[in-house]
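Residue-level structure breakdown
Now for the letters of each chain:
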Amino acid sequence: MAISIALSVMLLLGVEQLRIQARENFTQSISGTDLVVGARTSPIQLVLYAVFRLGDATHNIRWTSFQAVAAHPAVAWAVPLSLGDSHRGHAVVGTTAAYFEHFRYGDRQPLAFSAGQPFADVFDAVIGAEVAAQFGYRLGDRIVLNHGSGGIGLAEHADKPFTVSGILRRTGLAVDRSIHVSLEAIEAIHLDWQGGAPMPGVSIPPEHVRKFDLAPKEITAALIGLKNRAGVFQMQRFVNRYQGEPLLAVLPGVALDDLWSVVGVVERSLLAISALVVAVGLSGLVAVVLAGLSERRRELAILRSVGAGPRVVFLLLAIEGLMVVVAGAALGVLGLMGLGALAAPMVEEHLGVTLSASTLTPEAWRLLLLVMATGFAVSLVPGYRAYRLSLADGLTPRL
Amino acid sequence: MSPSPLAIAVQDLVFQWPARNQAGFRLSIPRFEVERGERVFLQGASGSGKSTLLSLLGGVLRPQPCRLRVLDTDLTALSSSDRDRFRVDHVGFLFQQFNLVPYLSVRENVLLPCRFSRHRRRQALQSASSLQQAADRLLQRLGLDGSLARQPVTALSVGQQQRIAAARALIGHPELIIADEPTSALDADRQGEFLDLLLERCADDRVTLVFVSHDQRLESRFTRSVRLDDLCATTPC
Ligand SMILES: Nc1ncnc2c1ncn2[C@@H]1O[C@H](COP(=O)(O)OP(=O)(O)O)[C@@H](O)[C@H]1O
Ligand SMILES: [Mg+2]
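Residues numbered from 1 in each chain as written. Chains lettered and ligands numbered in written order. Predicted model: local features only at pLDDT ≥ 70, side-chain atom pairs only at ≥ 80, totals over all residues. Heavy atoms only, no water.

Strand order in this open sheet of 4 strands is 2-1-4-5 (chain B), and the pairing throughout is antiparallel. Only two strands of the sheet have a single partner each, and these edge strands are strand 2 (26-35) and strand 5 (73-74) of chain B. (Pairing = 2+ DSSP bridges. Helix = DSSP H or I, 4+ residues; strand = E, 2+ residues; numbered from the N terminus.)

In C-alpha cells:
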C-alpha cells in the first residue's frame, strides 16, 4: 500500500522535476546570449539547433551576412557557428576562438578548459567534457569526424583526422557533448566534397589544404552579445531587415517561452495524469484501511476499554493513514532520487538535460506537501468510519 | 467524604438498544448492588444482556436517567469523555477473546491503560521503579515468564493471551475489574488455572470483580453469584 503510494509519488515528482529542471537547463544555456541569428525559420527551431544542438538547420547564412551583423556598432561580440557534422553521435561545431571567450552560461559563467587550449591549427579540436569522458579522449588523441549528423553509417572524413587540443570543463549543457573546431577546419574537410558526398577522383590530402582558401563562405547561425541589452529590439530589427538575404534574429528567452507554451500542454497533461495516479493510490489506501476496519473492530473495542474515546479512535485511524502516506511519500522521494541518479546519464545524453537527483525543486516540495495534505484528508474517511463503528459497538462488536 | 461500601449501586436502570431488525433489546434493572471487594459471578443466557450491563457499568453506554453509581461516581452525570476517563482510571476490562492489540508487543499491550491514564501510570509506578518492571512483575505473577515479552502477541496461545489481558486489566490497580466471559475460549484445565490466578490477584489487591459467564460450574469460586434474569424486571419500568 505504501508501495503504490510511493510509486505514484515517484511518478508525480519525477514529471515535475524533469519539467522544472529541463526548463532551468535550457534557460541556463543561454544566459549570456542576447540574440541568436540564423536563416529564416521558426524562432524555436533556430534556438533549438543553434543553442541546444537539437534538430538540424535547414538553411545556412552567408559569411558576409555574419560579418555585416558582427560589424554593427551595437554588437559587443559575435560567435559564428557552423553545424552539420558529427563525431560518434555528438555534434561538431565549427566556430572561432571567440566562442570560448564570450559564451556564457548559468550565472554568466565563461567556459573553462580542464586541459589544453583553444584550437590553434586547422585540424585541432576542442571537445566537451562528456565527449572526453564517454570515449576516454585525452589531449593529443586523434579523432575522425563524420559527414552529417544522426545515425550510424555516415560517411567519414577519414582522410583528415583531428587532434584533441583542448578539453572543456563540465557545464551540464550541450557544450559538454560537442566537438569544437575552427571554421577553417569545416571548410577544409569539405574541400573535396560536393553536395554531401566526396567528389569522385578528387582527394586533397591534409597537408595540402592550407594552400586553399579556407575562409568560410557559409555558417549556420551566430550568437550575438550586445554592448547594451537595451538595444536588443533595435538590433533584432536590423537583422530581420537585412537586405543581403533573409535573416532571423531571435531573443532566446522569448523563443524558449514560446517553446514552453507549446510544451506546456503536454506537461500539464502529464502532470494531471500523475496526479490522477496519486489519487488512485490514495483511494486505494482508503479502500484497504476501510476494508481492514471490520476485522479491527475488536481492536477498537480494546482501545475503548482502556479509555480511548471515539475521538481518539478517529484520530488514531486518521494518523495511521497519514503515516502510511508519509512513509509512501518518503519512499517515493528516495526512489526518485535513486532512479534519478541511475537515469541522469541517459537523460543527459538523449535530452541534453542535466538532472540533479539529490534535490527537490520548491515546486516538487509543494506537490509533496499537497500529496500529504490530501493523504491526511482522505485518511479522515477511515477515521470517521472507525469513529462511527466504535460508537455503535462500544465494547462488544457484533462480528 | 468517606467512600461508600458499595462499589456499584444501580437503581431503576433502563437501557434500550436502537432497533436493528426487530424491536431493539431493552435492559431494565430495578436494583443491583455490589460491595467493594466482592467477587461477583454474573450469570445469564447468551443474549440476555450481560455485556450490555457491563458496558453500562464501564460508562461506555449511557442509560436513560436513573441512579448509576460506580465507585462513588455518578456515571449519568458525566460527559462521554469524562466517562472514558473514569473508565481507564478505575476499571480494568477483560474480554472473551482477541483481547490484545496485534501490532503492539506484550509489554505495550499490558501498559496500554497507562498510556491513556496518568492515574493508572502513577499507581503502577508506586510498586515498581519503571513501567516495564511493573508490567513484567505482573506478568510473572500471572505465571508468564519474561521470554514471552519479546514475541509477537499473535504467536501466543489463547491461554497466554488471556493472562496478558488480565495483566492489562490489573495494571495500575484499578478498583474494579469487569470480565466478560474471559474463560469461555479456554479448555477446562486452562479455565481453572486462569480463574485461580485472576481471583487470587483480585483478592490480594482487594479489587472488586464482576465476572460474567454462562458457565455455572465456575459459580462456586466467587463470593457471590447473581443471575441476570433475577435482576431484571420482567415488565419494563
Ligand atoms: N451494538 C448493539 N447494537 C444493537 N443491539 C445490540 C448491540 N449489542 C447488543 N445488542 C442487543 O442486546 C442484546 C443483548 O446482547 P448482549 O448484552 O451482548 O448479551 P450477552 O452478553 O448476555 O450475550 C442482544 O440480543 C442484541 O440484540
Ligand atoms: Mg456477551
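This part covers the interface of chain A and chain B. Across the boundary between the two partners, chain A contributes 20 residues, which contact 24 residues of chain B. Counting the surface lost from both chain A and chain B, the interface buries some 1,800 Å², and carbon and sulfur atoms represent 63% of this. In terms of surface lost to chain B, no three residues of chain A exceed Ile302, Val306 and Leu395 of chain A, which account for 32% of the buried area on that side. With a closest N to O distance of 3.1 Å, Asp84 of chain B and Arg304 of chain A form a salt bridge. At the junction of chain A with chain B, the criterion picks out 3 residue pairs in polar contact (both at pLDDT 80 or more). (Contact = heavy atoms within 4.5 Å. Buried area = accessible area lost by both parts, 1.4 Å probe. Salt bridge = Lys/Arg side-chain N within 4 Å of Asp/Glu carboxyl O. Polar contact = N/O pair within 3.5 Å; in protein donor to acceptor, adjacent residues only side chain to side chain.)

Considering all chains together, one arrives at 21 salt bridges over all chains under this definition. Across the pair Asp34 of chain A and Arg229 of chain A runs a salt bridge, and its minimum N-O distance is 2.5 Å. Here the residue Asp34 of chain A occupies a position in the loop between helix 1 (2-29) and strand 1 (35-39), and Arg229 of chain A occupies one in the loop between strand 16 (221-226) and helix 7 (232-240), the gap between them amounting to 195 residues. Assessed through its relative accessible area of 9%, Asp34 of chain A is described here as buried. A salt bridge links Arg36 of chain B to Asp72 of chain B, with the nearest nitrogen and oxygen atoms 2.9 Å apart. Taken together, the positions of Arg36 of chain B in the loop between strand 2 and strand 3 (39-43) and Asp72 of chain B in the loop between strand 4 (67-70) and strand 5 put the pair 36 residues apart, joining distant regions of the chain. The class for Arg36 of chain B is partly exposed, based on a relative accessible area of 33%. One network of salt bridges, in which partners are shared, links Glu16, Arg19 and Glu267 of chain A. (Buried < 20%, exposed > 50% of the residue type's maximum accessible area, 1.4 Å probe, protein only.)

Before going further, it helps to spend a moment on the sheet that holds strand 3 (residues 75-81) of chain A. Residues and elements named next belong to chain A. Strand order in the open sheet made by the 4 strands is 3-16-1-17, with antiparallel pairing throughout. Every other strand in the sheet has two partners, leaving strand 3 and strand 17 (247-250) as the edge strands with one partner each. Averaged over all pairs of adjacent strands, the angle between strand axes in this sheet comes to 20°, irrespective of strand direction. When strand 3 meets strand 16, the two strands line up antiparallel, connected through 6 bridges. Looking at strand 16, one finds that Leu81 is bridged to Ala221. (Axes fitted to C-alpha atoms, helices over the stretch in contact; angles between N-to-C directions.)

Turning to the packing of helix 1 of chain A against helix 11 (residues 362-393) of chain A, a few remarks are in order. Residue and element names in this part refer to chain A. Contact pair helix 1 / helix 11: the axes reach a minimum separation of 9 Å and the direction vectors enclose 160°. Judged on the interaxial angle alone, helix 11 and helix 1 are roughly antiparallel. With respect to the hand of their crossing, helix 1 and helix 11 are arranged in right-handed fashion. Every residue of helix 11 that contacts helix 1 at Val9, Leu12, Leu13, Glu16, Gln17 and Ile20 is listed here: Glu363, Ala364, Leu367, Leu368 and Val371. When the residues that make up the contact of helix 1 with helix 11 are grouped by side-chain class, the tally is 8 nonpolar, 1 polar and 2 charged. (Parallel < 35°, antiparallel > 145°, perpendicular 65-115°, else oblique. Left-handed = near helix turned anticlockwise from the far one by under 90°. Nonpolar A, V, L, I, M, F, W, Y, C, P; charged D, E, K, R; others polar.)

Neighbouring residues of ligand 1: 13 residues in total, closest Arg398 of chain A together with Gly47, Lys50, Ser51 and Thr52 of chain B. Bordering ligand 1 are residues originating from chains A and B. Between an oxygen atom of ligand 1 and a main-chain N or O atom of Ser48 of chain B, the distance comes to 3.3 Å. Thr52 of chain B has a polar side-chain atom sitting 2.5 Å from an oxygen atom of ligand 1. In isolation ligand 1 offers 550 Å² of accessible surface; the protein chains occlude 83% of this area. Among the elements that make up the shell around ligand 1, the one with the highest residue count is helix 1 (residues 50-57) of chain B (3 residues). Of the residues in the shell around ligand 1, the class split is 4 nonpolar, 6 polar and 3 charged. (Near = heavy atom within 4 Å. Areas by Shrake-Rupley, 256 points an atom, 1.4 Å probe, with all protein chains shown as cover.)

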